[in-house]
Amino acid sequence: MPPSASQVAVHAEALVKTYGSTRALDGVDLEIRSGTVLGLLGPNGAGKTTTVRILTTLLKPDSGRAFVAGHDVLADPAAVRRSIGLSGQYAAVDENLTGYENLYMVGRLYGMSRSDSGARARALLDRFRLKDAAERPAKTYSGGMRRRLDLAGALVAEPTVVVLDEPTTGLDPRGRLDTWEVIGELVADGATVLLTTQYLEEADQLADNILVIDHGKVIAGGTPDQLKNGVGGERIEVVVGEAGEVEKARQILFSLGSGEPTVDDHQRRVSVKVDTGPKALVEALRRLDQEGISILDVALHRPTLDDVFLSLTGHAAEEAVEPEPKGRKSKKGAS
Amino acid sequence: MSVITAGARDSSVVTWRNLMNVRRQPDLLLGATVQPIMFVLLFAFVFGGSIGDNPDAYREFLMGGIFAQTVAFNSAYTTLGMAADLEKGVIDRFRSLPMSRGAVLFGRTTADLAVSALGLLVMSICGLLVGWRIRGSFLDAVLAYAILLLFSFAMSWVGAFVGMASGNVQVAQSAGFIWMFPLTFVSSAFVSANAMPGPLKVIANWNPVTAVADAVRDLFGNPRPGILQATSDSWPAQHSVLWSIVSCLAILAIFAPIAVAKYRKVASK
């Protein structure tokens, strides 16, 4: 039997789903403790959305079982629906309804009374900074506002478990930050959240635990720190001033590091895993300087989830180009 | 709360939502109102002089057919509406809510029925302008409109199923409309089924569009021009009112359950 619902909000065992000859899910187990955020991380087509659809009763697994808030998704889907709030990949707001009407409608469909639905809609619009736009049709909203409205829709019935399926896909950086802030508040309030994302930074920022999934299988799990430590070691990253200096920098870093440096010719960036941390950095700087190589940027950082992903799957996560490397860099430096 | 009242409440919420959509985006009504006007004018004045020997009589005969055709097209609007909801992820959200399973479909078909009623009103006015009249009793006229609305509602459930099977708006654009043309033209809507070759004639005789068109002509008391006399002695032609009601109920009995079953499994993308 599943552990009691008071500690474990979501519990899934050996979920399998096939489409023709494709095994979209090939035996996925997962568990989310109450009040924590699980980030389900993986490239497009890894099986994230299929997992979400099974846990939210939209799809039946071929085999395996799952419990959400103590209810069996197969035996008692209606009880599961009463306990969850889903915000999907695309903001499923009705464009012709106002923000208020959208939330009011969801409240009514959860079975709330007219007055409760109205009050709840007002409170959520307030909380999601949509009060001024409450009476405008949602088609006039920006992408970030729509997402916020969609998130608010998932919270109307104060669900035990909130499921956010790629909540920032397709948003511009401003909208993404906006959405993160809202999810951050949600988490601070103690909600249990299942979050799927292909953005490593998003999982890093928001999730207590991360499950990395690829080709329908869980390939790693743990806290962001555990995953990063699992990759081991720190990395030195150098950006040189001229294209001709890249190869020389690569040779220097190769001699200091443990392993083959990775080179990005376009950005003139060379990085390598090192075992001795700051000492290796000092040595690298000395030798680069000796060779007269112009250095634009240099950093020593712990592995990022990008590195974790790369080492686990052998390929980078889908969105390697975003968010902007610059923002990520400064965060790495701080960690 | 009982299942029935919960279902009725959920359906009325969805109906409200769909009607708000029409109100805020009135161009959604164009198809339901402009198209029938166009057909009345086209058939009345382009074909009117060539079919039969009396253009005025043909125009009056025509109205029953255009009424039937227009409400049949209601199914295409339902198809498009369902496909759009599916594509936008609205159906996913509805399906993740603890609402009754038929409510999204019932709310959609009810709202489309209201739009269809508006279309009938516009068309009736247009018909009056080209010489159509209600010559039967008041109660017969009420029954005629009731049959038209029942047919519209039944076709809407077919459309809901087609919309979910299409999966996206682009497919729904063709899937929703393409079968409308044989359905409405292989009938007595515009011509006499008797002039058609054997097998087509059988289909036309049993086609609900024929039954609805003939039934409302009879109930409105619209005479048939000589060449378009219903000389068919087939059972449906002799019992057009009964057969139109029975066939509508049969369509509902088949398509309402399979549409709900489809809804329970339907996936966006």
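Residues numbered from 1 in each chain as written. Chains lettered and ligands numbered in written order. Predicted model: local features only at pLDDT ≥ 70, side-chain atom pairs only at ≥ 80, totals over all residues. Heavy atoms only, no water.

By the naming in an unreviewed UniProt entry, chain B goes by Transport permease protein and is assigned to Actinokineospora xionganensis.

As named in an unreviewed UniProt entry, chain A is ATP-binding cassette domain-containing protein, taken from Actinokineospora xionganensis. Its UniProt record gives chain A a comment under Sequence similarities (unreviewed entry), which states: "Belongs to the ABC transporter superfamily. Drug exporter-1 (DrugE1) (TC 3.A.1.105) family." (UniProt positions renumbered as here; feature names shortened; annotations may be inferred.)

J.: Would you explain the interface of chain A and chain B in this entry?
T.: It is common to report an interface's size as the accessible area lost on association of the parts. Each partner contributes to the interface: chain A provides 30 residues, whereas chain B provides 27 residues. Inspection of the region where chain A meets chain B yields four salt bridges. Here arginine 53 of chain A and aspartate 92 of chain B are joined by a salt bridge, their closest N and O atoms 2.9 Å apart. Our count for the chain A to chain B interface comes out at 11 residue pairs in polar contact (both at pLDDT 80 or more). (Contact = heavy atoms within 4.5 Å. Salt bridge = Lys/Arg side-chain N within 4 Å of Asp/Glu carboxyl O. Polar contact = N/O pair within 3.5 Å; in protein donor to acceptor, adjacent residues only side chain to side chain.)

J.: Whenever I open this one, the sheet that holds strand 6 (residues 84-87) of chain A confuses me. Can you help?
T.: Strand pairing in a sheet relies on backbone hydrogen bonds, with the paired strands running either antiparallel or parallel. All names here are of chain A. In spatial order, the strands read 6-7-8-3-9-10; together these six strands make up an open sheet with mixed pairing. Only two strands of the sheet have a single partner each, and these edge strands are strand 6 and strand 10 (217-222). Shown here is a sheet whose adjacent strand axes are inclined to one another by a mean of 15°, direction ignored. Each of strand 3 (37-41), strand 6, strand 7 (161-165), strand 8 (192-197) and strand 9 (209-214) is contacted by helix 1 (residues 48-55), which is oriented at about 150° to strand 8, the strand it contacts most. In the packing of helix 8 (residues 224-231) onto the sheet, the strands contacted are strand 9 and strand 10, and the crossing angle to strand 10 comes to about 105°. (Pairing = 2+ DSSP bridges. Helix = DSSP H or I, 4+ residues; strand = E, 2+ residues; numbered from the N terminus. Axes fitted to C-alpha atoms, helices over the stretch in contact; angles between N-to-C directions.)

J.: For this particular structure, what's the right way to read the nonpolar core?
T.: Burial of nonpolar side chains together is a common tendency in soluble globular proteins. Grouped together as the largest cluster of nonpolar side chains are 116 residues, with contacts concentrated most on Phe94 and Phe151 of chain B. Tallying contributions element by element places helix 3 (residues 55-88) of chain B first for this core, with 15 residues. Taken domain by domain, the makeup of this core includes at least three residues from each of domain 1 (8-223) and domain 2 (229-334) of chain A. Those residues within four positions of phenylalanine 151 of chain B in sequence are excluded, and the remaining contacts are Ala68, Val71, Ala72, Pro208, Val209, Val212, Cys248 and Ile251 of chain B. Within the second largest apolar cluster, 27 residues are counted, among which are Ala12, Ile32, Leu86 and Val163 of chain A. (Core = buried A, V, L, I, M, F, W, Y, C linked by side-chain atoms within 4.5 Å. Buried < 20%, exposed > 50% of the residue type's maximum accessible area, 1.4 Å probe, protein only. Domains from an automatic or database assignment.)

J.: How should I be thinking about the pairing of strand 11 (residues 234-240) of chain A in this particular structure?
T.: Along any regular strand the residues' side chains alternate between the sheet's two faces. Residues and elements named next belong to chain A. Most of strand 11 sits inside the fold, with six of its seven residues counted as buried. As defined by bridge partners, strand 11 adjoins strand 13 (residues 269-274) across six bridges and the pair is classed as antiparallel. Considered in strand 13, the bridge of isoleucine 236 is made with valine 272. By the bridge criterion, six bridges tie strand 11 to strand 14 (residues 295-301) in an arrangement that is antiparallel. Each residue of the ladder has a partner; that of valine 240, found in strand 14, is isoleucine 295.

J.: Teacher, can you tell me more about the confidence of the model for chain B here?
T.: Any region with low pLDDT has predicted coordinates that should not be read closely. Residue and element names in this part refer to chain B. Of all residues in chain B, 96% have pLDDT values of 70 or greater, and the mean over the chain is 89. Per-element mean pLDDT across chain B ranges from 83 in helix 2 (residues 30-47) up to 96 in helix 6 (residues 138-166). Interface confidence for the predicted complex, given as ipTM, is 0.87, next to a pTM of 0.81. (pLDDT = per-residue confidence, 0-100.)

J.: Hey, could you run me through the sheet that holds strand 14 of chain A in this one?
T.: All names here are of chain A. With antiparallel pairing, the four strands of this open sheet are ordered in space as 12-13-11-14. Only two strands of the sheet have a single neighbouring strand rather than two, namely strand 12 (262-264) and strand 14. Going from strand to strand, the sheet's axes swing by 15° on average, the running direction of each strand aside. Packing of helix 9 (residues 246-256) onto the sheet brings it into contact with strand 11, strand 12 and strand 13, and relative to strand 13 it is tilted by some 5°.

J.: Where do I start with the side chain of serine 188 of chain B in this structure?
T.: Residue and element names in this part refer to chain B. Inspection of the secondary structure assignment puts serine 188 in the loop between helix 8 (180-185) and helix 9 (198-206). The buried category is assigned to serine 188, whose relative accessible area is 6%. In this view, serine 188 contacts Phe61, Ala193, Thr210, Ala213, Asp214 and Arg217; residues no more than four positions away in its chain are not counted.

J.: Help me understand the domain arrangement of chain A, please; the structure alone is not making it clear to me.
T.: In terms of domain boundaries, chain A breaks down into domain 1 (8-223) and domain 2 (229-334). Averaged C-alpha coordinates put domain 1 of chain A and domain 2 of chain A at centres separated by 35 Å.

J.: Help me understand unusual backbone geometry in this model?
T.: Only a minority of non-glycine residues have a phi that is not negative, and only a minority of peptide bonds are not trans. All names here are of chain A. At glutamate 158, a position not held by glycine, the phi torsion is positive, near 45°. Here glutamate 158 shows up in the loop between helix 5 (143-155) and strand 7. The exposure class assigned to glutamate 158 is exposed, which follows from its relative accessible area of 61%. At histidine 215, a position not held by glycine, the phi torsion is positive, near 50°. The residue histidine 215 is located in the loop between strand 9 and strand 10 in this model. What makes histidine 215 exposed here is its relative accessible area of 64%.

J.: Before we go on, may I ask you to explain helix 3 (residues 99-109) of chain A in this structure?
T.: Because each turn of an α-helix spans 3.6 residues, side chains separated by three or four positions end up pointing in the same direction. For helix 3 of chain A, the buried fraction is high: 11 of the 11 residues fall into the buried class. What helix 3 of chain A keeps buried is the set Gly99, Tyr100, Glu101, Asn102, Leu103, Tyr104, Met105, Val106, Gly107, Arg108 and Leu109 of chain A. Packing partners of the buried residues in helix 3 of chain A comprise helix 4 (114-127) and helix 5 of chain A together with helix 1 (3-24) and helix 4 (90-96) of chain B. Among the residues trailing helix 3 of chain A, glycine 111 of chain A stands out with phi positive, at a value near 90°.

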